Amino acid sequence: MTADRPSSSAPAVPPDGMPVRAELDAVPETALWTLYHRAVEARRPDSVLSDPMAVELVDRLDFPFEERFGPGGGLSAQLQALRAACFDREVADFLARDPRGTVVCLGEGLETQFWRVDNGRARWLGVDLPESVALRERLLPPDPRRRSVACSATDPRWMDEVDPARGLLITAEGLLMYLRPAEVRELIAACAERFPGATFVFDSVPRWFSRLTVRGKMRDRHYQAPPMPFGMDADEQHKLATAHPAITEIRDVYPVGGRGVLRRLLPVAGRLPVLSARRPSVVALRFGTRR
């Protein structure tokens, strides 16, 4: 990796209305896929997620979204929005308890959560690969309470940039599935060891989905998903406790709301073990404080 500390100078943000070229590939390109589907959903009058900044970014980016990812919409866009809403709830609850706390977003990509749930007092730290941070800083206006660190989430140097004194929430949205299982375990353990009292929220794809991506089977005529080596079925969440003895709470963050068939399906899927165990999941881990 290159630089691991944020620049002290403000990024060069192009003037309003100027297109910004996006050149990401492999796993970093998934940030564009996710952004696009959030924006498609946000444009709907009956959207399940209000995300005007996502719409603005898609409009500003010089990138062939529809050609690369298809027309968007449908279940994919709504599922991405519902996943984002799960993380938004966790962040909003954290900021209600610790309004001057710090939110760390691992693998932040082009996530626009800051503009959806920020309370005007919290500190935000984004962690991502250098090419992703560079694009983000060109697109988004600087803010004195929001910084970025250009390094991998698996590189522990980002931890030196975190001030947990007023409360800490760490999120990893759309990230851990792209790591190897051993890397996921090591990252969780490192966070539990370094940040007692913090909460770590992440999402996971089920094992069947992970296997299909590794075999190159998750594709349509527009796009092939990168391999996702880490998969975890929802009924395996209890195994996370073995990653570190400081993990004191494991909580399933289930999506709520939805539209159309998803609104009817989600409550049923949560009650039927055969469906609930094989679904994507969002998990919140609580790290105990040292005695």
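Worth saying up front: this structure is predicted, and the values here are computed from it rather than measured. (Residues numbered from 1 in each chain as written. Predicted model: local features only at pLDDT ≥ 70, side-chain atom pairs only at ≥ 80, totals over all residues. Heavy atoms only, no water.)

Undergrad: It is not clear to me how the nonpolar core should be interpreted in this structure. Could you clarify?
TA: One recurring pattern in soluble globular proteins: nonpolar side chains tend to sit buried together. In terms of nonpolar packing, the biggest core is built from 34 residues, with Leu106, Trp158, Leu176, Phe200 and Phe202 touching the most fellow members. Mapped by element, the contributors of at least two residues to this core are strand 3 (102–106), strand 4 (123–128), strand 6 (168–172), helix 7 (181–194), strand 7 (199–204) and strand 9 (281–287). Considering each element in turn, this core owes the most residues, five residues, to helix 7. With residues up to four places along the chain from it excluded, the contact list for Leu106 reads Val127, Ala153, Trp158, Ile170, Thr171, Ala172, Glu173, Leu175, Leu187 and Phe200. Core analysis: the second largest hydrophobic core is formed by 26 residues, Leu32, Tyr36, Phe65 and Phe69 among them. (Core = buried A, V, L, I, M, F, W, Y, C linked by side-chain atoms within 4.5 Å. Buried < 20%, exposed > 50% of the residue type's maximum accessible area, 1.4 Å probe, protein only. Helix = DSSP H or I, 4+ residues; strand = E, 2+ residues; numbered from the N terminus. Contact = heavy atoms within 4.5 Å.)

Undergrad: How do you make sense of a positive patch on the surface when you look at a structure like this?
TA: Together, Arg100, Arg121, Arg123 and Arg166 make up a region of like positive charge exposed at the surface. Examined against the element boundaries, Arg166 turns out to sit in the loop between strand 5 (146–150) and strand 6. (Patch = residues over 30% accessible without salt bridge, like charges linked within 9 Å, V, L, I, M, F, W, Y side chains within 5 Å. Areas by Shrake-Rupley, 256 points an atom, 1.4 Å probe, with all protein chains shown as cover. Salt bridge = Lys/Arg side-chain N within 4 Å of Asp/Glu carboxyl O. Lys, Arg positive; Asp, Glu negative; His and termini not counted. Charge placed at Lys NZ, Arg CZ, Asp CG, Glu CD.)

Undergrad: Teacher, can you tell me more about the packing of helix 1 (residues 30–42) against helix 4 (residues 74–97) here?
TA: Two quantities define a packed helix pair, namely the angle between the helix axes and the distance between the axes. The interhelical angle for the contact between helix 1 and helix 4, taken along N-to-C directions, is 100°, at an axis separation of 8 Å. Classified by the interaxial angle, the pair formed by helix 1 and helix 4 is roughly perpendicular. Between helix 1, through Trp33, Thr34, His37, Arg38, Val40 and Glu41, and helix 4, the contact on the second element is made entirely by Ser76, Ala77, Gln78, Gln80, Ala81, Arg83 and Ala84. Considered class by class, the residues forming the contact of helix 1 with helix 4 number five nonpolar, five polar and three charged. (Axes fitted to C-alpha atoms, helices over the stretch in contact; angles between N-to-C directions. Parallel < 35°, antiparallel > 145°, perpendicular 65-115°, else oblique. Nonpolar A, V, L, I, M, F, W, Y, C, P; charged D, E, K, R; others polar.)

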